[in-house]
Amino acid sequence: MRYLVRARMKPGREAALLDAVENETLGQGSVAEGEYLRNMTDARLCADQTVRWVEVCYCPTPLQEERPYWEEYFDLARVQDAHDRRKCRDDNGSEPWACSDCDCTARLEQKLNTSGTTFLQSLRSASRG
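The following paragraphs examine the structure supplied in this document. Computed from a predicted model, the values in this text were never measured in an experiment.

Reading guide: rules and limits
Residues numbered from 1 in each chain as written. Predicted model: local features only at pLDDT ≥ 70, side-chain atom pairs only at ≥ 80, totals over all residues. Heavy atoms only, no water. Phe/Tyr/Trp six-rings, centres within 6.5 Å; stacked < 30°, edge-to-face > 60°. Pairing = 2+ DSSP bridges. Helix = DSSP H or I, 4+ residues; strand = E, 2+ residues; numbered from the N terminus. Contact = heavy atoms within 4.5 Å. Axes fitted to C-alpha atoms, helices over the stretch in contact; angles between N-to-C directions. Salt bridge = Lys/Arg side-chain N within 4 Å of Asp/Glu carboxyl O. Buried < 20%, exposed > 50% of the residue type's maximum accessible area, 1.4 Å probe, protein only. Arc of directions from axis to C-beta.

Looking at the packing of aromatic side chains
One pair of aromatic rings is described through two measures. These are the centre distance and the angle between the planes. By the definition in use, this model includes six aromatic pairs. Grouped by ring-pair contacts, the aromatic residues Tyr36, Trp53, Tyr69, Trp70, Phe74 and Phe119 constitute a single cluster.

With respect to the sheet that holds strand β5 (residues 117-118)
In spatial order, the strands read β4-β1-β3-β2-β5; together these five strands make up an open sheet with antiparallel pairing. What marks the edges here is a single partner per strand, and that holds for β4 (74-81) and β5. Here two bridges tie strand β2 (residues 44-45) to β5, and the two strands are oriented antiparallel to one another. Residue pairing for β5: Arg44 is matched across the bridge by Thr118. Where helix α2 (residues 33-42) meets the sheet, its contacts fall on β2, β3 (51-56) and β4, and the angle it forms with β3 comes to roughly 145°.

Topic: the pattern of salt bridges
Within this structure, the stated rule accounts for eight salt bridges. Put simply, Asp48 and Arg52 hold a salt bridge, and the shortest N to O gap is 2.9 Å.

A look at helix α1 (residues 14-22)
Regarding α1, the residues found buried are Leu17, Leu18, Ala20 and Val21. Considered in projection along α1, the buried side chains sweep an arc of 160° and stay on one side of the axis. In the core, the buried residues of α1 are packed alongside β1 (2-9), α2, β4 and α5 (119-128). With its phi angle positive at about 55°, Glu24 sits one or two positions after the end of α1.

Some words on the environment of Val54
Its place among the elements puts Val54 in strand β3. Relative accessible area serves as the criterion here: at 4%, Val54 is assigned to the buried category. Remark: the alpha-carbon pair of Val54 and Gln80, spanning 26 residues in sequence, is separated by 9.7 Å. When sequence neighbours within four positions are dropped, the list of residues in contact with Val54 reads Arg2, Tyr3, Glu35, Arg38, Asn39, Ala82, Thr105, Leu108, Glu109 and Leu112.

Describing the side chain of Glu35
Among the secondary structure elements, Glu35 is positioned in helix α2. Those residues within four positions of Glu35 in sequence are excluded, and the remaining contacts are Val54, Glu55 and Val56.

As structure tokens, this is what we get:
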């Protein structure tokens, strides 16, 4: 399943998150390890100061595996289905692991790419300033 995640940075955790991304240690030890780096590469910082990204998750509970890793850096404000669950081939059992290569959220991700600013860029700028 794919989820639209909205989160707020925890104060004082920016440098640690940037280090984890740049050293590629974000999510280390998780079965979803590479997904964390993809999420931060695609994440957007929006006008309301929330960070948003689309996350692929195969857990029976949204972000069950990922939540402890994200909560080290973020307060998760909202996690919602990124598309109609009935059409999710992985969720309905018609094609296990379909979310890996699915383009069901392409329109949403394209919309996100035009909103706000690139999250990692703003994190890097803040760390230099």
